[in-house]
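Structural description and commentary
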Amino acid sequence: MKFIIGNWKSNGTIEEKDAMFKSLKNVRTNNKIVLCLPFTLLDKNISHAHLGAQDISIHPNGAFTGDISGKMLKDAGVECVLVGHSERRLYHNETNDIVKNKAKVALDNQIVPIICIGETLEEKKTGRTMTAVKKMLLESIPDKYGDYIIAYEPRWAIGTGLTPTLEEISAVHETIFKALRGIEHEDTPILYGGSVNMDNASQISSLPHVDGLLIGGASLKSETFLPIINVVK
Ligand code: PEP
């Protein structure tokens, strides 16, 4: 079983969400399909996919205007939540420490955190991919044990149409796997994300230690999302 997780970011209306779930009804797959929707589209009554969110507040409740707490997400039917997506790190200054705390809050609310990590273009160009990814991983995962998912998303590959080579993806996933094995967490699923489409999904998802895909742009429309689901075996 692989994970196929869509991230709608700041996109989508209720009508578009309903259309997507309607088209997912006809999909036959053994894989786990999750849609990480914006807060306005979180809907307990969805079927044919699992419900994910894109962020979680560090605070349990109170005077934090605009924040959505773990308890509220759980109440809305959310099963998993992205933490530390590169856009949150970049535009909202989320550090590894904040990401780690958000992952803990998710676990405290029985929500699976999908912890996103990935090198910048500068780190890649200067041969620092492995050290950057490993540091981000070890500083972003919660100390206490719980089920979390890691999403390796090279920052330069998100929304750009660029992807690392299959060899590069394999090498990073192996490094992440070994680091997780070092802390007795080798069963953690490791996803790849960054410009996945129907042409590269099959090959990327077949690589060793790639347990699924995190998909942004191509998850927004059934014409691009369903063919990905169909080629991931
Ligand atoms: C993402 O936002 O997590 C992502 C992988 O985006 P895209 O597929 O559009 O590169």
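Everything here concerns the structure above.
Overview of the structure. (Residues numbered from 1 in each chain as written. Predicted model: local features only at pLDDT ≥ 70, side-chain atom pairs only at ≥ 80, totals over all residues. Heavy atoms only, no water.)

1. Some details on the site of the ligand
Threshold: Definition of nearness: a residue and a molecule or strand are near each other if at least one heavy atom of the residue lies within 4 Å of the molecule or strand. Under this definition, polar contacts are N or O atom pairs within 3.5 Å; protein pairs additionally need one hydrogen-donor-capable and one acceptor-capable atom, and for neighbouring residues in sequence, both atoms have to be side-chain atoms. To measure how exposed things are, a 1.4 Å probe is used in the Shrake-Rupley method; for residues, cover is taken only from the protein chains shown.
Residues in contact with the ligand amount to 14 residues; listed here are only the nearest, Lys9, Glu153, Gly159, Ser195 and Gly216. Between the ligand and the protein, one listed contact pairs an oxygen atom with a side-chain N or O atom of Asn7 at 3.4 Å. At a separation of 2.9 Å, an oxygen atom of the ligand approaches a polar side-chain atom of His85. Notes on the ligand: free accessible area 290 Å², of which the protein chains cover 95%.

2. What about the pattern of salt bridges?
What counts here: Salt bridge, as used here, is a side-chain nitrogen of Lys or Arg placed within 4 Å of a carboxyl oxygen of Asp or Glu. Only protein chains enter the area calculation, which uses a 1.4 Å probe; residues under 20% of their type maximum are buried, those over 50% are exposed, and those in between are partly exposed.
Scanning the entire structure with this criterion turns up 13 salt bridges. The salt bridge partner of Asp18 is Lys17, with a shortest N-O separation of 3.2 Å. Take Asp18: its relative accessible area is 42%, and that puts it in the partly exposed class. Here Lys17 falls in the buried class, since its relative accessible area comes to 5%.

3. Section: the pairing of strand β1 (residues 3–7)
How we decide: By the criteria applied, helices consist of DSSP H or I runs no shorter than four residues and strands consist of E runs no shorter than two, each listed in order from the N terminus. At least two DSSP bridges between two strands are required for those strands to pair. Look down the strands so they point away from you; if going from the first strand over the helix to the second traces a clockwise path, that crossover is right-handed.
Burial analysis of β1 places five of its five residues in the buried class, which makes it a mostly covered element. Neither face of β1 is left uncovered, since the one carrying Phe3, Ile5 and Asn7 and the one carrying Ile4 and Gly6 both have all their residues buried. The sheet contact formed by β1 and strand β2 (residues 32–36) spans five bridges and is parallel. Its bridge partner being in β2, Gly6 is matched across the sheet by Leu35. Regarding the hand of the β-α-β motif, the stretch spanning β1, helix α1 (residues 14–24) and β2 is right-handed. Sheet topology note: the β1/strand β8 (residues 212–215) ladder contains four bridges and is parallel.

4. As for the side chain of Asn31
Here is the rule we go by: Whether two residues touch is decided by their heavy atoms; if any such pair falls within 4.5 Å, the residues are in contact.
Secondary-structure assignment places Asn31 in the loop between α1 and β2. Given the relative accessible area of 11%, Asn31 is considered buried. Polar side-chain contacts of Asn31 include one of 2.9 Å to the backbone oxygen of Val232. In contact with Asn31, other than residues within four places in its own chain, are Met1, Lys2, Ile4, Val232 and Lys233.

Remember, this is a structural readout, not a statement about activity or role.
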